[in-house]
Amino acid sequence: RVSCPRDPRLAAYFAKVGELHAAWEPGSVWIDDDVTLRNRAPMKGISKPPFGCFCERCLGDFSETEGHAWTRMALVAAIRANDAVAARWEAFHVDGMAKLVGEIAAAVHRISPETVFGYQYGYSGRVGIPKGLYEKSGMPVRLRHVREDGTLATLAVVNASIDRQEPTMVRLRG
């Protein structure tokens, strides 16, 4: 079962966890790769749509955004047949996850405003999730990135370029 990033109960839970961690005033908080809809059962190993959450909330919200009442089966068929629908479905989910991590950042910063954030999943071609962290924290967001040779690099998104699809990154270490 996949936890829906648009479920207010999930956001409240993660915000509470963020507050508990913030009590120690950590130098950084890293959001782990659990904030993805590509690496969870039953979508594990699926690298292209249809991945994501197909709960009633997501179907309803996406239908409202699209101005079209989608059923699960019709949406899956449309995602498979139409790259534009697939791109909008992915953007819808990136937006939901960005809002979720933004709520975590806001909760942490209410208690520990100097804490910086990182996103463990790394740069996957989409700036939405790191952007959600940046918008709530106002600080550079660290990312993990696996190089072609398999080694791990830690990078930071440069604030001025966060709106670009390919943000400029600066190596911090490794």
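Residues numbered from 1 in each chain as written. Predicted model: local features only at pLDDT ≥ 70, side-chain atom pairs only at ≥ 80, totals over all residues. Heavy atoms only, no water.

### So, the packing of aromatic side chains
Scanning the model with the defined rule gives five aromatic pairs in all. Measuring from ring centre to ring centre gives 5.5 Å for Tyr-13 and Phe-14, while their planes differ by 55 degrees; the resulting arrangement is tilted. Relative to Phe-92, the ring of Trp-89 lies with its centre 5.7 Å away and its plane at 15 degrees, an arrangement referred to as stacked. Highlighted residues: Trp-89 and Phe-92, both in helix α4 (residues 83-111), separated by three residues, approximately one helical turn. Just as Trp-89 is buried, Phe-92 falls in that class too. An aromatic cluster is present here, built from Phe-54, Phe-62, Trp-89 and Phe-92 joined pairwise through their rings. Between Arg-6 and the ring centre of Phe-92, over which it is positioned, the NZ or CZ distance is 3.7 Å. (Phe/Tyr/Trp six-rings, centres within 6.5 Å; stacked < 30°, edge-to-face > 60°. Helix = DSSP H or I, 4+ residues; strand = E, 2+ residues; numbered from the N terminus. Buried < 20%, exposed > 50% of the residue type's maximum accessible area, 1.4 Å probe, protein only. Lys NZ or Arg CZ within 6 Å of the ring centre and 35° of its normal.)

### Some words on the pairing of strand β2 (residues 116-119)
What you see with β2 is no split at all: Val-116 and Gly-118 on one side and Phe-117 and Tyr-119 on the other are buried throughout. Bridge count between strand β1 (residues 28-31) and β2: four bridges; the pairing is parallel. Bridged to Ser-28 within β2 is Val-116. (Pairing = 2+ DSSP bridges.)

### Considering helix α2 (residues 56-66)
Within α2 the residues assigned to the buried category are Cys-58, Leu-59, Phe-62 and Ser-63. Relative to the axis of α2, the buried residues are bounded by an arc of 130 degrees and lie together on one face. Facing away from the buried side of α2, by more than 90 degrees, are the exposed residues Glu-56, Glu-64 and Thr-65. Where α2 is buried, its residues contact α3 (72-81) and α4. Directly beyond the C-terminal end of α2, a positive phi value near 70 degrees is found at Gly-67. (Arc of directions from axis to C-beta. Contact = heavy atoms within 4.5 Å.)

### Thoughts on the side chain of Arg-6
Inspection of the secondary structure assignment puts Arg-6 in the segment before α1 (8-22). Here the side chain of Arg-6 touches Phe-92 through a polar contact of 2.6 Å, landing on its backbone oxygen. (Polar contact = N/O pair within 3.5 Å; in protein donor to acceptor, adjacent residues only side chain to side chain.)

### With respect to the confidence of the model for the protein chain
Low pLDDT marks stretches whose predicted atomic positions should not be read closely. For the protein chain, the average pLDDT comes to 77, and 67% of its residues sit at 70 or higher. Ranking the elements of the protein chain by mean pLDDT puts strand β5 (residues 169-173) last, at 42, and α2 first, at 95. Between residues 158-174, whose pLDDT stays under 50, and residues either more than four places distant or in other chains, the model counts 46 contacts. (pLDDT = per-residue confidence, 0-100.)

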